[in-house]
Amino acid sequence: MAAMEIDRSDIRHSRERHRFELALEKGEAYVEYERREGVIDLLSTWVPPAHRNRGIGEAIVVRALEFARDRGLEVIPTCPFVPRVIDRNPEFRSLTRSGPS
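Remember, predicted model here, so these are calculated numbers, not experimental data. (Residues numbered from 1 in each chain as written. Predicted model: local features only at pLDDT ≥ 70, side-chain atom pairs only at ≥ 80, totals over all residues. Heavy atoms only, no water.)

All right, on to the sheet that holds strand 5 (residues 74-76) then. Spatial strand order, 1-2-3-4-5: five strands in an open sheet with mixed pairing. Taken across any chain shown, the strands that pair with only one partner, and hence form the sheet edges, are strand 1 (12-14) and strand 5. The mean angle between the axes of side-by-side strands here comes to 30°, regardless of whether they run parallel or antiparallel. (Pairing = 2+ DSSP bridges. Helix = DSSP H or I, 4+ residues; strand = E, 2+ residues; numbered from the N terminus. Axes fitted to C-alpha atoms, helices over the stretch in contact; angles between N-to-C directions.)

This is the structure we're talking about:
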């Protein structure tokens, strides 16, 4: 499947649902998080099957990482997809405990 062009401004931060989300034709994609003092734990990422392998999950995780960076939050990558996104976007490595300072 071809990568989908995603406008990051379409990714909504739903504070009440503790997630970053993107409305899609066949459902909703999101990354759920838990926030504590100085930390954001990225818990899980979901993309509906019809929309997978098109860069949507990565775009949403990058948006969450930008949020963390802009607020000086440490990232805990509980979701196993998040470290793969960080590997492809090394500018976010310093946000994790295992990243360089």
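Still more ground to cover, so stick around.
With that out of the way, let us pick up the layout of surface pockets. Taken as a whole, the largest pocket spans an internal volume of roughly 270 Å³. Surrounding the largest pocket, 15 residues form its lining, Val47, Arg52, Asn53, Gly57 and Phe81 being those nearest its centre. Those elements that provide at least two residues to the lining of the largest pocket are strand 4 (39-46), helix 1 (56-70) and helix 2 (81-88). Class assignment for the residues of the lining of the largest pocket results in five nonpolar, five polar and five charged. (1 Å grid on protein atoms, 1.4 Å probe; cavity = no way out; pocket = protein on both sides within 12 Å on 5 of 7 lines; lining within 4 Å. Points joined across faces, edges and corners; volume = space filled by probe spheres on them. Nonpolar A, V, L, I, M, F, W, Y, C, P; charged D, E, K, R; others polar.)

What follows is about the pairing of strand 4. Here seven bridges tie strand 3 (residues 27-36) to strand 4, and the two strands are oriented antiparallel to one another. Among the inter-strand pairings, Arg35 is bridged to a residue of strand 4, identified as Ile40. The antiparallel pairing of strand 3 with strand 4 creates a hairpin that spans two residues between the two strands, and Gly38 there sits at a positive phi of about 75°. Direction of pairing for strand 4 relative to strand 5: parallel, over a ladder of three bridges. Pairing of Val39 across the sheet is with Glu74, part of strand 5. The parallel pair strand 4 and strand 5, bridged by helix 1, forms a crossover whose chirality is right-handed. (Right-handed = clockwise from strand over helix to strand, strands pointing away.)

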